[in-house]
Amino acid sequence: MDDLVKGLFQSEHPENTKRQILKKLRISTRTSILKMPVERLENLVKICIHYCLYGTEFECNEATLLGRDVFPQTLAIVQDKLLTSTAIGLLIEGNWSQFVLMNEELPQFEYEDTSVSIYRRIVLIRMFLDICELKSIEPAKKTIQIHVKSEVIRLLYSSQDHQTFSEICRLLTRHIDCIPPLSRGFAMCSLSIHAMSEFFPLDKELNTIANYVKDIRNISFLIQYIWGNAEATLLPSLKEIFKIISSQKKQPPSNALGCLVEYIPTKLVESSIRQIVGDATISDVEMFIALKCMVSWLAWPTQKKADLWVLAFFQELAKASKFTLLIEVTMNTIKQVFGCLKIPSVRGSCLSVAIHMLMSFQHSPEPFHLILPMIPQIISQLQEENNPEVNNIYRRQICNVCHCMMYKHTGFPELYGPLLNILKPFPKPSVKEMQAALQISSWSSQMSQLTTTPKHTLYDYQLSKRSPDANKAGLVNLGNTCYMNSIIQALFMIKEFRIGILESPSPPNSVKQVLESTFGFLILTERVAFEPNELVENSKPTWFTSGSQQDCSEYLKHLLDRLNEEEMQCNRNTCSTDDIQSDSSSDRHCTSTQILPEIPQKKKTTIIQSLFHGKLKSNIRCDTCGFVSSRDETFVDIALPLNKASERGALVARNNTELPISKSPPEDKEIQRMSHENDKEKDDTPSNSSSSNKEVVDNSKTFIDEASDEQDVHMPVQVEEEEEEAESRRSHNLTDLLHSYLEEEKLEGDNQYRCNQCKILSNAVKTTVFVKLPRYLLVTLMRFTYNTRAQVRSKILDNVDIPLEIEVPTHNASGPSARKYEISAVVVHSGTSAESGHYYCYAKQHSSQTENIWFLFNDSHVSLSSFSSIKHLTNSFAKDTAYVLIYKAFGSDSVITDNDGRDFIKRDLFQKIEQDNANFVKVGLNFKC
């Protein structure tokens, strides 16, 4: 039979023919092999060993199959000649051919990879050990064990692929007597850990990946055995793992290391992570790389407890106030973690980490927005899988976190609308539940304790380019500055105002100079958003508290008043070139001919007066004597009340101030002062925000019941009256509100008029008419009323229908007429209180050559939108209501150009922006490298 096997292997028959014949020979050997002479048995064993070691892949596989039938029956017989110490030593060393004298008669397959040789030797050795153990062939077994024990570390070191390394580990864990003394355990652990980190599957075929996972599992079993029997190797091994995962190599280590964490005692998790974070010798970059690698462990299909390590790392970094690291890791890995929810075996641990990432990252909606496109697919997969009991829990958790994120990060109706439809079949958590979840999870609340907000160093405005679709830059939220950002973007989109600010001279250290710089950056910056530090510090009223939410309407009036005063002062000083920046064409970066706005041509008329100032006339006729008192007033905006109480307050304010809308009324300042005092008494952290407040929540009425600003970590105050009003909210038409504003008002009862003619309190009738209407009409919907019980300005949630066009009546020397306006911008407030919530803005780009385009400005985020989104906004998001409206008069264009204003940017500012763009590109290139 030995000659037959040798001749068959050496023949030129097709492999399939050989395979069929060898199969019949294997069957025959089971009954006839013991009848063969010992010499023939030895030759047959030699032939099997030879082709197992040196044959082609086909010959090796067939010889191995034959050996499984031959060896169990023959090893006991041939052990004295073929399993001697010399023979086994040569076999393990790879020199078996030196021992077999007949090798010259046999062909030898020349393989290039030494791992192939090692793999074949180990398979053969393991087969011998299995048979020796099964047949109790003790002498041969001990001989093999001695040689393996002395050579195994060298073999591990020489292995160049996961199959070979795994086969050695499999041999050792199956025959533990072959493991070297545990004093050398760390050497084996170190080799095994490095192997797991460096070996990757050869391709993405399912079979290849399955075999790879199985091989890694075999390696991990050896490490588990060593850690369990030599505890002194555990901590050095953990240090070795951290050294690997924190290395700054271009090729990150394999996430196969994730399968090791299940063998590490849970009690070591917190102490190990605490030691890493507290180690001054470990840089933030190393911690960033290490945490990214740990997050990648979540995707390993057999991992257990990897989420404990990741969560512990996140929590410890938050305690150490390493917020930049948390931001960077979250933005880098949130899509990867959420994508792993497609893998059932790791879904639970990945979901716990994803929820923590989203719920703790409360200062920005970016992570949530990154995963929005993935949510429908995940929900659909969970519904289709045949595991309803478990998957219903997962679906509920995903839906809950989505509701919390939309509750926290309002102002994205285009993004959230489709998600709402997907979440409709699932119950929505209550406001209290969402507040509690957000309060518990956030590390963003701790950021308020720092003197400066951590920079979003790897993302957002410092690395991201402005979207080519919208091609507009946003404004970075610097801590509850959305009130300013929304107003600035709305004003920026007014072409005449934008060019007027850029073209006209700016007094040094003025608000106008800072606004001019901001507009220049919004036009030319390549960043996704501009950081308006100087603007917020210079333009906010002195009574505004930094870091607190403010009233955007109050800010708008204050800003326009400041700009107007600065320009008036400049006109009075005749704008000396020694005191202001030159506006000559030679000081601009471009000298191309432009049709300039008419604003600067009128020396005594400011930009604000030309664009926003109107005049109204108030007449009061005494019912007693018929005397008529008349007064002309200049206004910047029209404040339209939404209920009678706020209407009375508005009328009183108008009757008691010279320029009613250019300054904040005394009542508003007192409200602002009181609310600031209340804010100081409250802790900024979520846990102390509103625990004592009385709430009545109706979850069936709205989707987002309240909203906090991106950096506002305390929740709005809730009172019963607000919820009752939410239940009975009304709808208004803007035209009707305007007409109501101009209706006759009877002054009687407690509101009688003291007549200057008859010198007594008398009933009277007051009428108001517009004498001169501005080119841009600013309208504030008076939604905030002062709630004496809660000592805050609560919000009227009534819906106001905003028409695309309106006609505003006016009365001048020529008689009554009307001026037609079209909508230009809408500033939206999301929330239920003036002291909290979030502002964002819709604005239209007017063009004489192309169709008008709508944009949605939400701090750093700018996207294309439409007027229909504004019309239906409150129907979908009940707490998102129009607050400030800007209407443009028809035929009011004074700048006959579609130029965005870049040609009016002065040379110094242009060069400053160009330098910033160059730095931006350089940072991006360095980061990619």
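Just so we're clear, the structure is a prediction, and the values are computed from it rather than from any experiment.

Basis of the calculations
- Counting starts from 1 at the beginning of each chain's written sequence and moves along it residue by residue.
- In view of the model being predicted, local features appear only for residues whose pLDDT reaches at least 70, and side-chain atom pairs are presented and counted only at 80 or more, with totals across whole chains, interfaces and linings using the full set of residues.
- Values shown for side chains rest on all heavy atoms present in the structure; no hydrogens or waters enter the calculation.
- We define a salt bridge as a side-chain nitrogen of Lys or Arg found within 4 Å of a carboxyl oxygen belonging to Asp or Glu.
- Three labels apply to residues, based on accessible area from a 1.4 Å probe with only protein chains included: buried if under 20% of the type maximum, exposed if over 50%, partly exposed otherwise in between.
- In DSSP terms, a helix is any run of H or I states spanning at least four residues, a strand is any run of E spanning at least two, and both are numbered starting from the N terminus.
- For this analysis, a nonpolar core means a set of buried residues of the types Ala, Val, Leu, Ile, Met, Phe, Trp, Tyr and Cys, connected via side-chain atoms within 4.5 Å.
- Every residue pair with non-hydrogen atoms within 4.5 Å of one another is taken to be in contact.
- To estimate the expected span of a helix, subtract one from its residue number and multiply by 1.5 Å.
- Two axes define the bend at a residue: one fitted to the seven residues ending there, one fitted to the seven starting there, and the bend is the angle between them.
- Any two strands with at least two DSSP bridges between them are considered paired.
- Structural elements are reduced to axes, namely lines fitted to C-alpha atoms, with helices fitted over the stretch in contact, and the angle between N-to-C directions of any two is expressed from 0 to 180 degrees.
- Throughout, the term roughly parallel applies to angles under 35 degrees, roughly antiparallel to angles over 145, roughly perpendicular to angles from 65 to 115, and oblique to all others.
- Crossings are sorted by hand: turned counterclockwise from the far helix by less than a right angle, the near helix makes the crossing left-handed, and turned clockwise it makes it right-handed.
- Each residue gets one of three labels, nonpolar for Ala, Val, Leu, Ile, Met, Phe, Trp, Tyr, Cys and Pro, charged for Asp, Glu, Lys and Arg, and polar for the others, Gly among them.
- Stacked, edge-to-face and tilted labels apply to pairs of Phe, Tyr and Trp rings (six-membered ring for Trp) whose centres lie within 6.5 Å, assigned for plane angles under 30 degrees, over 60, and everything in between, in that order.

Caption draft 1: Geometry of the pattern of salt bridges. This structure, assessed with the given rule, holds 25 salt bridges. The salt bridge partner of E633 is R631, with a shortest N-O separation of 3.3 Å. With relative accessibility at 2%, the residue E633 sits in the buried group. In this structure, K820 and E805 form a salt bridge, with 3.3 Å as the shortest nitrogen-oxygen distance. On the criterion of sequence distance, the pair formed by K820 in strand β16 (residues 815-830) and E805 in strand β15 (residues 805-812) is long-range, its members being 15 residues apart. The class for K820 is partly exposed, based on a relative accessible area of 37%. For E805, a relative accessible area of 39% translates into the label partly exposed. In the salt-bridge network here, residues are joined through shared partners; they are R126, D130, E167, R170 and R174.

Caption draft 2: Spotlight on the nonpolar core. Core analysis: the largest hydrophobic core is formed by 187 residues, its most contacted members being F71, F313, F368, I375 and I398. No other element matches helix α3 (residues 38-54), which puts ten residues into this core. For F71, the residues in contact, after removing those within four places along its chain, are V45, C48, I49, L124, M127, F128 and I131. Within the second largest apolar cluster, 59 residues are counted, among which are I488, Y555, L559 and L560.

Caption draft 3: Expanded view of helix α4 (residues 57-82). Along its 26 residues, α4 runs just 24 Å from first to last C-alpha, ending more than 12% under the 38 Å computed at 1.5 Å per residue. Of all the bends found along α4, the most pronounced is centred on L75 and spans about 70 degrees.

Caption draft 4: Focus on the pairing of strand β17 (residues 838-845). Most of β17 is tucked away, with seven of its eight residues classed as buried. Relative to strand β18 (residues 853-858), β17 is paired through five bridges, and the arrangement is antiparallel. Its bridge partner lying in β18, C841 is registered against F857.

Caption draft 5: Geometry of the packing of helix α1 (residues 2-10) against helix α2 (residues 15-32). Across the interface, α1 lies against α2 with an axial gap of 10 Å and an inter-helix angle of 165 degrees. With respect to α2, the element α1 is oriented roughly antiparallel. α1 and α2 meet at a crossing whose hand is left-handed. Facing α1, whose interface residues are L4, V5, L8 and F9, α2 presents K18, I21, L22 and L25. For the contact of α1 with α2, the class distribution of residues is seven nonpolar, no polar and one charged.

Caption draft 6: Looking closely at the packing of aromatic side chains. Applying the stated rule across the entire model yields 21 aromatic pairs. Where Y483 meets Y555, the ring centres are 5.5 Å apart and the plane angle is 80 degrees; that geometry is what we call edge-to-face. Here Y555 lies in helix α28 (residues 552-572) and Y483 lies in helix α24 (residues 482-492), a separation of 72 residues in the sequence. Within the aromatic cluster, the residues linked to one another by ring pairs are F492, F497, F519, F612 and Y776.

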